[in-house]
Number of protein chains: 2
Amino acid sequence: MLSRDPELDPLGEQQPTEGIMSVAWKSTLNKALDANKHLKYSTFFQLATVRPDGKPSNRTVVFRGFLDDSTKITFTTDTRTFKVEHVKKMPWAEACWYFSDSREQFRLGGDLVIVGPDHPDAHLREARQDAWNNMSTGGRSWFAWPASGRPREPNKEEFEKPVPDKGEEALPSFALVYMDVDTVDYVLLPDVRLGYDSTVTSEGSREWHQQELNP
Amino acid sequence: MLSRDPELDPLGEQQPTEGIMSVAWKSTLNKALDANKHLKYSTFFQLATVRPDGKPSNRTVVFRGFLDDSTKITFTTDTRTFKVEHVKKMPWAEACWYFSDSREQFRLGGDLVIVGPDHPDAHLREARQDAWNNMSTGGRSWFAWPASGRPREPNKEEFEKPVPDKGEEALPSFALVYMDVDTVDYVLLPDVRLGYDSTVTSEGSREWHQQELNP
């Protein structure tokens, strides 16, 4: 259920290998994270996906860092959520991240890849386990609860099941998700706006193009 | 350009007339607005729409109050933005509103209606002008600037055009938007989640149904 068709997986054999310093929007995003780090919710952003009926869906998720040195942003999810169903049909999503102190907005678009326990890439499975090890006790306990968004389970014992500790094998419901960011729209209020899009070169690296836009 | 097909307009002749006190989620949202009002961005939420190519789009907008005594939420937009194009093809949108101090999330889904200067309903045109009158000088000046999101206009004078004052007729690019909210998903972290959906009765009022969900 959790593994994706390797042909749809943009990591695959030709993982883009762009350098950290060469990507302007990533430097800007890292600076915004630093400038707003005193706000406990500075790592929260809103993720839009599309439902099977074609309507949009939107919810708050928590940034869990970039994948390795790439421009892929990561977060975690429960494999039983509706968004995982959405991604199977339409993997492209858009994150909207507003930094309230510095008045910056990042809109990051790209394909989502769900990394569950059966993902074929060993390195990604390891990244998933690392993400589990970095979760708080409260965060981990969610993955043992009945499936979210479904009618409330009346049996309270179902919310009191034991949860593997940090370092122990993550529950099957736990997934790491990454977005292979391919477009970025950056706004610094009141009047700076930059658009970024990218192409994947024949060597498999992602080349970024920046354009000034009207705010 | 701004007026919508009246048949698609959920206001129309049979405007839903639900009472304020009878709608639980609206009371909860008003309480959250009050509990977080010391945060200048507490009225900011993220709005997801769907592009003509079927991909989701997501950006931050500012809540401008409920329309009259209804459960319709309002914000403003420039009629030249991409989101107005999206809404023509797929009017259903989802707002995600996270209140960082009280740890509450509201997801509000429903059709968007764009109210520009040519909207056939006089009361809505008046509500649009009221929204213009309530904008700050900086907020109003945006609507005289070159169209946002397009390649940067090099001529600086294009950003220095005079803007009508409060009380003067709003620029044609200015639109009020309302969402005729028909579903709500409410989360109070860590463990409360309520789902609301609604039906329109034969009298044209909206009847709400609440269900407890797994968090």
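Remember, it's a predicted structure, so these values are computed and weren't measured experimentally.

Reading guide: rules and limits
- Residues numbered from 1 in each chain as written.
- Chains lettered and ligands numbered in written order.
- Predicted model: local features only at pLDDT ≥ 70, side-chain atom pairs only at ≥ 80, totals over all residues.
- Heavy atoms only, no water.
- Helix = DSSP H or I, 4+ residues; strand = E, 2+ residues; numbered from the N terminus.
- Rg over C-alpha atoms; globule rule 2.2 N^0.38 Å.
- Buried < 20%, exposed > 50% of the residue type's maximum accessible area, 1.4 Å probe, protein only.
- Contact = heavy atoms within 4.5 Å.
- Areas by Shrake-Rupley, 256 points an atom, 1.4 Å probe, with all protein chains shown as cover.
- Lys, Arg positive; Asp, Glu negative; His and termini not counted.
- Charge placed at Lys NZ, Arg CZ, Asp CG, Glu CD.
- Pairing = 2+ DSSP bridges.
- UniProt positions renumbered as here; feature names shortened; annotations may be inferred.
- Buried area = accessible area lost by both parts, 1.4 Å probe.
- Salt bridge = Lys/Arg side-chain N within 4 Å of Asp/Glu carboxyl O.
- Polar contact = N/O pair within 3.5 Å; in protein donor to acceptor, adjacent residues only side chain to side chain.
- Nonpolar A, V, L, I, M, F, W, Y, C, P; charged D, E, K, R; others polar.
- Least-squares fit on C-alpha atoms with pLDDT ≥ 70 in both.
- Expected span 1.5 Å × (residues − 1).
- 1 Å grid on protein atoms, 1.4 Å probe; cavity = no way out; pocket = protein on both sides within 12 Å on 5 of 7 lines; lining within 4 Å.
- Points joined across faces, edges and corners; volume = space filled by probe spheres on them.
- Disulfide = S-S within 2.5 Å.
- Phe/Tyr/Trp six-rings, centres within 6.5 Å; stacked < 30°, edge-to-face > 60°.
- Lys NZ or Arg CZ within 6 Å of the ring centre and 35° of its normal.

**Structural notes on the overall build of chain A**
Summing up its helical and strand segments, chain A has four helices and eight strands in all. Walking chain A from its N terminus toward its C terminus, one meets helices and strands in the order α-β-β-β-α-β-β-α-α-β-β-β. What you see for chain A is a C-alpha radius of gyration of 18 Å, in line with the 17 Å of a compact globule of 215 residues. Its C-alpha atoms give chain A principal-axis dimensions of roughly 55 × 40 × 40 Å. Buried residues in chain A amount to 55% of all 215 residues. Taking contacts inside chain A between residues at least 6 apart in sequence as the whole, the part at least 24 apart equals 64%. Surface accessibility of chain A: about 9900 Å² in total, with carbon and sulfur atoms responsible for 50%. Measuring between centres, the 26 positive side-chain charges of chain A sit 8 Å from its 34 negative side-chain charges.

**Some words on the pairing of strand S1 (residues 44-50) of chain A**
Residue and element names in this part refer to chain A. Burial runs high along S1: six of the seven residues are buried. As defined by bridge partners, S1 adjoins strand S2 (residues 56-62) across seven bridges and the pair is classed as antiparallel. From the neighbouring strand, Ala48 faces S2, where its bridge partner is Asn58. Hairpin geometry of S1 and S2 is characterised by an intervening segment of five residues between the two adjacent antiparallel strands and by a positive phi of about 90° at Gly54. With three bridges joining them, S1 and strand S4 (residues 92-99) adopt antiparallel strand pairing. Bridge pairing in S4 links Gln46 to Cys96.

**Some thoughts on the UniProt feature "domain: Pyridoxamine 5'-phosphate oxidase Alr4036 family FMN-binding" (unreviewed entry) in chain A**
Mapped onto this structure's residue numbering, the UniProt feature "domain: Pyridoxamine 5'-phosphate oxidase Alr4036 family FMN-binding" (unreviewed entry) falls at residues 24-115 of chain A. Spanning residues 24-115 of chain A, this segment combines 22% helix with 43% strand, and its end C-alpha atoms are found 27 Å apart.

**Thoughts on the interface of chain B and chain A**
Each partner contributes to the interface: chain B provides 47 residues, whereas chain A provides 47 residues. Summing both partners gives a buried area of about 4000 Å² for chain B against chain A, and 55% of it is carried by carbon and sulfur. At the junction of chain B and chain A, the tally comes to two salt bridges. Arg51 of chain B serves as the salt-bridge partner of Glu94 of chain A, at 2.4 Å between the closest nitrogen and oxygen. On the surface where chain B and chain A come into contact, there are 26 residue pairs in polar contact (both at pLDDT 80 or more). Of all the secondary structure elements, the ones that give two or more residues to the side of chain B that touches chain A are strand S1 (44-50), strand S2 (56-62), strand S4 (92-99), strand S5 (104-115) and strand S8 (206-212) of chain B. Of the residues in the side of chain B that touches chain A, the class split is 22 nonpolar, 12 polar and 13 charged.

**Let's talk about the relation of the copies chain B and chain A**
For the match of chain B to chain A, the screw axis carries a shift of 0.0 Å, the RMSD comes to 0.0 Å, and the turn is 180°. Here the copies are linked by what is in effect a two-fold axis. By residue overlap, the copies meet face to face through one surface: 100% of the interface positions of chain B are interface positions in chain A.

**Details of helix H3 (residues 122-133) of chain B**
Residues and elements named next belong to chain B. For H3, spanning 12 residues, the distance from its first C-alpha to its last is 17 Å, which sits close to the expected 16 Å at 1.5 Å a residue. Along H3, the residues classified as buried are Leu124, Ala127, Arg128, Gln129, Ala131 and Trp132. Those residues of H3 that are buried lie in contact with strand S3 (73-78), S5, helix H4 (137-141) and strand S6 (174-188). By the N-cap criterion, in which a side-chain oxygen at the helix start approaches the backbone nitrogen of a residue two or three places on, H3 is capped by Asp121, the distance to His123 being 2.8 Å.

**A look at empty space enclosed by the protein**
This model, assessed by the stated rule, comprises three cavities of 30 Å³ or more. Within this model, the largest cavity holds a volume of roughly 220 Å³. For the largest cavity, the lining is made up of 13 residues, of which Tyr41, Gln46 and Tyr98 of chain A together with Gln46 and Tyr98 of chain B are closest to its centre. Those elements that place two or more of their residues in the lining of the largest cavity are S1 and S4 of chain A together with S1 of chain B. For the lining of the largest cavity, the residue count by class is nine nonpolar, four polar and no charged.

**Looking at the state of the cysteines**
Throughout the structure, instances matching the rule amount to zero disulfides over all chains. Not part of a disulfide, Cys96 of chain A finds its nearest cysteine sulfur in Cys96 of chain B, a span of 9.9 Å. What makes Cys96 of chain A buried here is its relative accessible area of 0%.

**Regarding the side chain of Asp180 of chain A**
Counting through the fold element by element, Asp180 of chain A comes out in strand S6 (residues 174-188). Classification of Asp180 of chain A as buried rests on a relative accessible area of 5%.

**Things to note about the packing of aromatic side chains**
Tallied over the entire structure, the rule returns 30 aromatic pairs over all chains. Arranged with centres 5.3 Å apart and planes meeting at 25°, the rings of Trp97 of chain A and Phe99 of chain A form a pair that is stacked. The same class applies to Trp97 of chain A as to Phe99 of chain A, namely buried. With a centroid separation of 4.9 Å and an interplanar angle of 80°, the aromatic rings of Phe143 of chain B and Phe174 of chain B are classed as edge-to-face. Taken as a pair, Phe143 of chain B in the loop between H4 and S6 and Phe174 of chain B in strand S6 lie far apart in primary sequence, 31 residues in all. Of the residues examined, Phe174 of chain B reaches a relative accessible area of 0% and is grouped as buried. Above the face of the Phe66 of chain B ring, Lys26 of chain B is positioned so that its terminal group lies 4.3 Å from the ring centre.

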